[in-house]
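# Survey of secondary and tertiary structure
Each chain, letter by letter, is given below.
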Amino acid sequence: MTATARDRLPISAVIITRDAAQGIAATLASISFCAERLVLDSGSTDATVEIARASGARVEAQPFLGYGPQKRRAVELAAHDWILSLDADEVLDDEAAAAIARLDLRDPRRCWSLRRRTFIGRREVRHGPWGGEQVLRLFNRTTAGFTPQAVHEEVRATHPPQPLPGSILHYSFENAAAVLLRSIRYARLKAGIMRAKGQRVSGWTMPWRGASAFAKAYLLQGGWRDGPDGFVIALSRVVDSTLPRAMLLLDEDVNG
């Protein structure tokens, strides 16, 4: 959905980036109806910044603070109180853009969620923990905002979100291996959160945690219906639930 400057909504679309050249143009094109598109970059070494500026976005720089703090900083820098948050590997579809254009934005307490459809390569994940995912992404910063977690941040609001038609198309994974690699990459951040909270870990619980996480994602949530992709996603849940705790245990051993 495209819009002239006069037709654009008083919304700041905010995106945090680092080396996102592959998808940033499509992301920005999908939110052209917003009065501002703000990209907060944390040191890209590819063409992310150049592509964003060529697409008409305002680009600011900020060393990476963790996902939650970085998104909070982007919200602070925005010109408008109404915020639409997308990741650099997400695209808003036309139905969602049209639905947003029809909204009444007079009440700052209102907020809206969208269905997020995740893809591995060209294959949509329709079941398991990612199937039917609903995420709060449109809100007024005077009544809602991102939590400060370094990873797995979310928007917290004073009122429950209303679902919008349409979807966010999430193109984060080129292949199934990338699903596991992301879980491994996030593990250190999660371990840091647990350490900061003073959480203690018992090694004997980890096999049980891993087995429970796999059974929930693959069996109870129906991940098996997505075939090999569902199996890999369930494995990623095992990594999510055990690797950060293993890192804490190893740190305790090293530090005595």
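Residues numbered from 1 in each chain as written. Predicted model: local features only at pLDDT ≥ 70, side-chain atom pairs only at ≥ 80, totals over all residues. Heavy atoms only, no water.

### Side note on the environment of L103
For clarity, the cut-off: Runs of E in the DSSP output that reach at least two residues are strands. Runs of H or I that reach at least four are helices, and both are numbered from the N terminus.
Looking at where L103 falls in the secondary structure, it is placed in the loop between α4 (94-101) and β6 (112-120). Separated by 57 residues in the primary sequence, L103 and D46 have C-alpha atoms spaced 36 Å apart.

### Some thoughts on the nonpolar core
To keep it simple, the criterion reads: Residue types Ala, Val, Leu, Ile, Met, Phe, Trp, Tyr and Cys, when buried and joined through side-chain atoms within 4.5 Å, form a set referred to as a nonpolar core. Relative accessibility under 20% of the residue-type maximum defines a buried residue, over 50% an exposed one, and the middle range a partly exposed one, all with a 1.4 Å probe and only protein chains included. Contacts: residue pairs with any heavy atoms within 4.5 Å of one another.
Formed by 32 residues in total, the largest nonpolar core has its most connected members in I11, I31, F33, L84, L92 and I100. Once residues within four sequence positions are removed from consideration, I100 is found in contact with L9, I11, F33, L84, L92, L138 and L164. Core analysis: the second largest hydrophobic core is formed by 15 residues, A74, V75, L77 and I83 among them.

### A look at helix α3 (residues 67-77)
Buried residues of α3: G68, Q70, K71, A74, V75 and L77, and no others. Looking at the buried residues of α3, the elements they touch are β1 (9-17), β2 (34-41), β3 (58-61), β4 (82-85), β8 (133-140) and β9 (144-146).

### Comments concerning a nonpolar patch on the surface
Under the convention used in this document: By definition, no residue in a patch forms a salt bridge, and every one has over 30% relative accessible area; like charges are joined within 9 Å, nonpolar side chains (Val, Leu, Ile, Met, Phe, Trp, Tyr) within 5 Å. Here, Shrake-Rupley sampling with a 1.4 Å probe gives the accessible areas, and only protein chains in the shown set may cover a residue. Any Lys or Arg side-chain nitrogen found within 4 Å of a carboxyl oxygen on Asp or Glu counts as a salt bridge.
Taken together, the side chains of L219, L220 and W224 make up a nonpolar region of the molecular surface, amounting to roughly 400 Å² of accessible area. Among the structural elements, W224 can be located in the loop between α6 (206-220) and α7 (228-255). Classification of W224 as partly exposed rests on a relative accessible area of 48%.

### Some remarks on the pairing of β1
Which entries qualify depends on this criterion: Each pair of strands is called paired provided DSSP finds at least two bridges between the two strands. Consider the strands pointing away from the viewer: the crossover is right-handed when the path from the first strand over the helix to the second runs clockwise.
The buried fraction of β1 is high, at eight of nine residues. Where β1 meets β2, seven bridges bridge the pair, whose relative direction is parallel. Looking across to β2, one finds that S12 is bridged to E36. As for the winding sense of the linkage, the β-α-β connection from β1 through helix α1 (residues 24-29) to β2 is right-handed. For β1 and β4, the ladder comprises four bridges, and the chain directions are parallel. Counted as the bridge partner of S12 is I83 from β4.

### Side note on α6
Counting along an α-helix, one turn takes 3.6 residues, and residues three or four places apart therefore face a common direction. For clarity, the threshold we go by: To estimate how far a helix should extend, the number of its residues minus one is multiplied by 1.5 Å. The arc in question is traced by the directions running from the helix axis to the C-beta atoms.
Under the 1.5 Å per step criterion, the end-to-end length of α6 is 20 Å for 15 residues, consistent within 8% with the ideal 21 Å. For α6, the complete set of buried residues consists of M206, G210, A213 and A217. The buried side chains of α6 occupy one side of the element, clustering within an arc of 70° when seen end-on. Turned more than 90 degrees away from the buried face of α6 sit P207, W208, L219 and L220, all of them exposed. Positive phi appears at G222, one or two residues downstream of α6, with a value of about 80°.

### Description of the state of the cysteines
As a reminder, the rule being used: Two cysteine sulfurs form what is called a disulfide whenever their separation falls within 2.5 Å.
Taken as a whole, this structure holds zero disulfides when the rule is applied. No disulfide involves C34; its sulfur sits 16 Å from that of C111, the nearest cysteine.

### Thoughts on the packing of aromatic side chains
Definition in use: Two rings belonging to Phe, Tyr or Trp (six-membered ring only in the last case) form a pair when the distance between their centres is within 6.5 Å. Interplanar angles under 30 degrees mark stacking, angles over 60 mark edge-to-face geometry, and anything in between is tilted.
Tallied over the full model, the rule gives nine aromatic pairs. With a centroid separation of 5.8 Å and an interplanar angle of 85°, the aromatic rings of Y218 and F231 are classed as edge-to-face. Residue Y218 is located in helix α6, and its partner F231 is located in helix α7; the two are separated by 13 residues in the primary sequence. Members of the aromatic cluster, joined through ring pairs, are F64, Y67 and Y186.

### A word on the pattern of salt bridges
Tallied over the full model, the rule gives 17 salt bridges. Among the ionic pairs, E90 bridges to R116, the shortest N-O distance being 2.9 Å. Of this pair, E90 sits in strand β5 (residues 90-92) while R116 sits in strand β6, and the two are 26 residues apart along the sequence. We note that E90, like R116, is buried. The salt bridge partner of D104 is R106, with a shortest N-O separation of 2.7 Å. The class for R106 is exposed, based on a relative accessible area of 73%. Connected through salt bridges with shared partners, the residues E90, R116, E133 and R137 form a single ionic network.

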